[in-house]
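An overview of the molecular structure
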Amino acid sequence: MPANPVPRFTASDPLTDRLASVASVTKNMVMLLDGAGIIDWVNPSFEECTGYPLGEAIGQSPGDLLFGPDTDPETIRRIRRKLFQGDTVEEDILNYTRSGKPFWVQVYCAPVEGDWSSSQGFIVIQSNISDRKHSERNLRIAASVFDRSHEAILISDHNNRILDVNPAFSRITGYARHEVLGLTPSILSSGRHSPEYYRSMWHTLEKTDHWRGEVWNRRRNGEEYIELLSISRVHLDEPGRFYHVAAFSDITALKNHARELDRAANYDDLTGLPNRQLLIERLRSACLHADRHQGGLSVCCLDLDGFKSLNQRLGQAAGDQALKSLAERLTHALRSGDTVARIGGDEFILLIQSDNHDGVYQRILDCVGVPLQVPGDTVQITGSMGVTRYPDDDTDAEGLIRHADQAMYSAKEKGRNQCHFFDPGLDEYRRKRRDQLTEIARALENEEFELHFQPQVRVSDSSLLGFEALIRWNHPARGRLAPGAFLPMLENSHLEVPLGQWVVKEAIQQLNAWQAAGECFSISINISAQHLMDRSFSAYLESYLRSHPELDPGRLTLEVLETTALEDTKRASNVLANCRALGLKVALDDFGTGFSSLTYLRTLPVDIIKIDQSFVRNMLTNADDRAIVESVIFLAQRFERPALAEGVETLAQARALRNLGCHFIQGYGIARPMPASDVPAWARHWHEKTLADSDQR
């Protein structure tokens, strides 16, 4: 007999009917099994939960319908063993629905005698406990995470009293669990943070239920550490009940490593001073600060004089010691807000954030000049310093350092222990000049230059002497440019000789072209001092003339500007003498505008003297200009040289020059400079006009 037999009911018993009704409406799953454990009946809840209808379930074993791959075999054996012994069974087991979905049930099974079977059977009641099982699993996972987490976890109540801590908390802080329960996290406080810091933390927690940041705390042994802390406020269903869950990790080692990386990236190993990278960051910030407050700053580049020889004489150890001592001196010589950086072997950059710089530069040089004690010797070092000032030098951080470096090299050129200031205006001029020289070089390659020609005539009979070749630049964007727009940039540049050679070559080719067309013209070309004194000038000219044997060299005149500084007049005289020996003529241009007029006139082999147009233009209205013109003509006559006046614009000027004894004239009054293609037609027209005027006279 079973230990707890279930009473038998007959089919006509009213209680049986009521129990059958209960079985039909209960949410629990109910199965009636025969003595062999085969299903005789299942209630609607069974059908709904498992997916098996009554007709499909009858005649099947519960195990065939409900057990699956993860159903525990030991639980199955234990249930069957108890049933075989006639005991009631109460177990948790994993079942599967008809579609294969697993779900947990609590099984209650008891033997029973009933009218539905001729022998003893069983009643099985199953309650779906999947939600409870999932909750238990989640709790186990949470507990495992709490215990095994590498992050410290602290749980406190709404009064911030500690309710629990995990093992990682004890490992990081040194406090055992029982030592902190009931206390507040303030036991960890390092005292580094102000009350305002913590008030801000709690304000954020109350407002957003979360706070995250870095906090300095103290371990049980008194050692300080820095932690990355995250605090969450957890609200429960009960009104006014909440908890704090704080998780933190010890990031002291990471912070120390970050500081080491920062030091390696931003500081000089030898002196501990900021390096170039950190200097640029600080300089950018300083410029922004100066802009906001309408202030200024200085960037000083300091280079030690003769430091290389000191290293060679005393050894690197002594040199390193000298650099470290100087770094300390320079740091103490400046204010706390200023920066001293080492950017090279013996090169320092100083950032001075002040408008009042009086005396500071000399103080820096004096600081460097104090004798230094190095192993085995005492040395004295001087420095050369270049300075640029922002915002006068309105450029970026890299530009300020570069300009201070340029000024430093200028200081070195002055001698030791000197300071030189960068001139932004001069640098802007140099930059523009560099850009324009680059553009001129491109223009030479692209053949953007051409020669225009202005006639020169004899005053006495208006006969044509020749043409002066004047360069023009057909600029792709700015149009045709006169020489004054670009030639000044060429002075003493690497392009002065190449452009001069182009003019000579182009003029000779044009003479050949006119000669081939039956025209007999002469050309004057301007020669700069650098081109004239170039060692290849005479050889180049002679070679080019030999390649054009049909050309009469006497039709080519070289005009040397009197305003040009010919440092070696003897050599210039020899070069011009060689040119005259080749058959060329020489003119002294713009006579009277320089300081060496008489010297040039006396020493240079000159065939013609040209009077500058600045005197001719106002000679009829300005007595001084007229006197200069008269003097130049007088000198030309005494030296038996013809004079040519430039800038003649009116007939009255031409007549006055003729009366003064001037031989030749040129200017807008005769004709403006014209392209080579227009020269033959203009010359014919001028000749015809001259003949007509002569006939009328």
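Our focus in this paragraph is the overall build of the protein chain. Secondary structure summary: the protein chain contains 26 helices and 27 strands in total. For the protein chain, the C-alpha radius of gyration of 53 Å lies well beyond 26 Å, the compact-globule estimate for 697 residues. For the protein chain, the C-alpha atoms occupy an extent of roughly 165 × 75 × 50 Å along the three principal directions. Here the protein chain, with 697 residues, has 43% of them falling under the buried criterion. A separation threshold of at least 6 residues defines the contact pool for the protein chain, and within that pool the share at least 24 residues apart is 57%. Per element, the accessible surface of the protein chain, about 37,000 Å² overall, is 50% carbon and sulfur. If the 76 positive side-chain charges of the protein chain are averaged to one point and the 95 negative ones to another, these points end up 3 Å apart.

Now for unusual backbone geometry. A cis amide bond, omega 15°, links Tyr390 with the succeeding residue Pro391. Here Pro391 is to be found in the loop between strand S16 (383-390) and helix H15 (397-414). Of note, the phi angle at Asn160 is positive, near 65°, even though the residue is not glycine. With respect to the helices and strands, the residue Asn160 is situated in the loop between strand S6 (152-156) and strand S7 (162-165). Residue classification places Asn160 among the buried positions, given a relative accessible area of 17%. Backbone geometry places Glu640, a non-glycine residue, at a positive phi of 55°. With respect to the helices and strands, Glu640 occurs in the loop between helix H24 (623-638) and strand S25 (643-645). For Glu640, a relative accessible area of 70% corresponds to the exposed category.

Taken in spatial order, the 5 strands line up as S2-S1-S5-S4-S3 in an open sheet, and their pairing is antiparallel. Across the chains shown, the open sheet's two edge strands, defined by having one partner strand only, are strand S2 (39-42) and strand S3 (89-96). Within the sheet, the average angular offset between the axes of one strand and its neighbour, ignoring direction, is 30°. Pairing of strand S1 (residues 29-33) with S2, which is carried by 3 bridges, proceeds in the antiparallel orientation. Of the residues in S2, the one forming a bridge with Leu33 is Ile39. The strands touched by helix H5 (residues 73-84) are S3, strand S4 (102-112) and strand S5 (121-128); relative to S3, the strand with the most contacts, the crossing angle is about 140°. Against the sheet, helix H6 (residues 130-148) contacts S3, S4 and S5, and its axis sits at roughly 125° relative to S4.

With that settled, the discussion passes to the packing of helix H11 (residues 276-292) against H15. Across the interface, H11 lies against H15 with an axial gap of 9 Å and an inter-helix angle of 110°. For the element pair H11 / H15, the angle class is roughly perpendicular. Both H11 and H15 take part in a crossing whose hand is right-handed. Residues Arg276, Leu279, Ile280, Leu283, Arg284 and Cys287 of H11 lie in contact with H15, whose contacting residues are Ala397, Glu398, Leu400 and Ile401. A class-by-class count of the residues in the contact of H11 with H15 yields 7 nonpolar, no polar and 3 charged.

Under the criterion given, the structure shown has 31 salt bridges. The shortest N-O distance in the salt bridge between Arg219 and Asp250 comes to 2.9 Å. Of this pair, Arg219 sits in the loop between strand S8 (210-218) and strand S9 (224-235) while Asp250 sits in strand S10 (residues 242-250), and the two are 31 residues apart along the sequence. Several salt bridges converge on common partners, so that one network encompasses Asp92, Arg132, Lys133 and Glu136.

For the rest of this paragraph, the subject is the environment of Lys432. Considering the arrangement of structural elements, one finds Lys432 in helix H16 (residues 424-445). A C-alpha to C-alpha distance of 24 Å links Lys432 and Ile527, two positions 95 residues apart in sequence.

Next up on the list: the packing of aromatic side chains. The way to describe two aromatic rings as a pair is by their centre distance and the angle between their planes. Within this structure, the stated rule accounts for 15 aromatic pairs. Both rings, one in Phe449 and one in Trp473, keep their centres 5.4 Å apart while their planes meet at 40°; by these two values the pair is tilted. Highlighted residues: Phe449 in strand S18 (residues 449-458) and Trp473 in strand S19 (residues 464-475), separated in sequence by 24 residues. A relative accessible area of 0% means that Trp473 is categorised as buried. Following the ring pairs from residue to residue traces out a cluster consisting of Phe453, Phe467, Trp514, Phe521, Trp682 and Trp686. If you follow Lys133 out to its NZ or CZ, it ends over the ring of Trp104, 4.5 Å from the centre. Over the ring of Trp216 we find Arg192; its NZ or CZ atom is 3.9 Å from the centre of that ring.

Bringing the sheet that holds strand S13 (residues 347-352) into the picture now. Hydrogen bonding along the main chain pairs the strands of a sheet, whether they run parallel or antiparallel. Spatially, 5 strands are ordered S12-S13-S11-S16-S17 in an open sheet, and the strand pairing comes out mixed. Pairing within the sheet leaves two strands with one partner each, and these edge strands are strand S12 (339-342) and strand S17 (419-421). The average angle at which neighbouring strand axes cross in this sheet is 20°, direction not considered. Here 6 bridges tie strand S11 (residues 297-304) to S13, and the two strands are oriented antiparallel to one another. If you follow Cys300 over to S13, its bridge partner there is Leu350.

Another aspect to go through is the nonpolar core. Counting 75 residues, the largest nonpolar core has Phe449, Phe453, Ile523, Ile525, Leu657 and Ile665 as the members making the most contacts within it. Broken down by element, the residue count for this core peaks at 8 residues, all from helix H18 (residues 496-516). Ignoring sequence-local partners within four residues, the contact set of Ile665 consists of Pro455, Gln456, Val457, Val459, Leu644, Ala645, Val648, Ala654, Leu657 and Ile670. Leu334, Ile352, Ile381 and Val387 belong to the second-largest nonpolar core, a separate cluster that totals 31 residues.

Time to look at the confidence of the model for the protein chain. Here the protein chain averages 86 in pLDDT, while 93% of its residues score no lower than 70. In this model residues 1-12 is a low-confidence stretch, pLDDT under 50, and it forms 21 contacts with partners more than four residues away in sequence or in other chains.

Another point: the packing of helix H20 (residues 537-546) against helix H21 (residues 569-581). Viewed as axis vectors pointing N to C, H20 and H21 meet at an angle of 10°, and their least axial separation amounts to 10 Å. With respect to H21, the element H20 is oriented roughly parallel. Contact with H20, carried on its side by Phe537, Ser538 and Leu541, involves Val575, Asn578 and Cys579 of H21 and no other residues of that element. Residues of the contact of H20 with H21, tallied by class, amount to 4 nonpolar, 2 polar and no charged.

Among the secondary structure elements, Asp427 is positioned in helix H16. Taking the C-alpha atoms as reference points, Asp427 and Asp393, separated by 34 residues in sequence, lie 9.6 Å from one another. Apart from residues no more than four positions distant in its own chain, Asp427 is found in contact with His403, Gln406 and Phe422.

Turning our eyes to something else, we now look at H6. Counted at 1.5 Å a residue, the expected span for H6 with its 19 residues is 27 Å, and the 27 Å between its end C-alpha atoms agrees. For H6, the complete set of buried residues consists of Ser130, Lys133 and Phe146. Taken together, the buried residues of H6 touch S3, S4, S5, S6, S7 and helix H7 (167-173).

The next subject is the side chain of His193. Locating His193 in the fold gives a position in the loop between helix H8 (177-180) and helix H9 (195-208). According to the relative accessible area criterion, His193 is buried, its value standing at 18%. Only 2.8 Å separates the side chain of His193 from the backbone nitrogen of Trp216, close enough to count as a polar contact. If we skip the residues at most four places from it in the chain, His193 touches Tyr198, Glu214, Val215 and Trp216.

Each value, and the rule that gives it
- Residues numbered from 1 in each chain as written.
- Predicted model: local features only at pLDDT ≥ 70, side-chain atom pairs only at ≥ 80, totals over all residues.
- Heavy atoms only, no water.
- Helix = DSSP H or I, 4+ residues; strand = E, 2+ residues; numbered from the N terminus.
- Rg over C-alpha atoms; globule rule 2.2 N^0.38 Å.
- Buried < 20%, exposed > 50% of the residue type's maximum accessible area, 1.4 Å probe, protein only.
- Contact = heavy atoms within 4.5 Å.
- Areas by Shrake-Rupley, 256 points an atom, 1.4 Å probe, with all protein chains shown as cover.
- Lys, Arg positive; Asp, Glu negative; His and termini not counted.
- Charge placed at Lys NZ, Arg CZ, Asp CG, Glu CD.
- Pairing = 2+ DSSP bridges.
- Axes fitted to C-alpha atoms, helices over the stretch in contact; angles between N-to-C directions.
- Parallel < 35°, antiparallel > 145°, perpendicular 65-115°, else oblique.
- Left-handed = near helix turned anticlockwise from the far one by under 90°.
- Nonpolar A, V, L, I, M, F, W, Y, C, P; charged D, E, K, R; others polar.
- Salt bridge = Lys/Arg side-chain N within 4 Å of Asp/Glu carboxyl O.
- Phe/Tyr/Trp six-rings, centres within 6.5 Å; stacked < 30°, edge-to-face > 60°.
- Lys NZ or Arg CZ within 6 Å of the ring centre and 35° of its normal.
- Core = buried A, V, L, I, M, F, W, Y, C linked by side-chain atoms within 4.5 Å.
- pLDDT = per-residue confidence, 0-100.
- Expected span 1.5 Å × (residues − 1).
- Polar contact = N/O pair within 3.5 Å; in protein donor to acceptor, adjacent residues only side chain to side chain.

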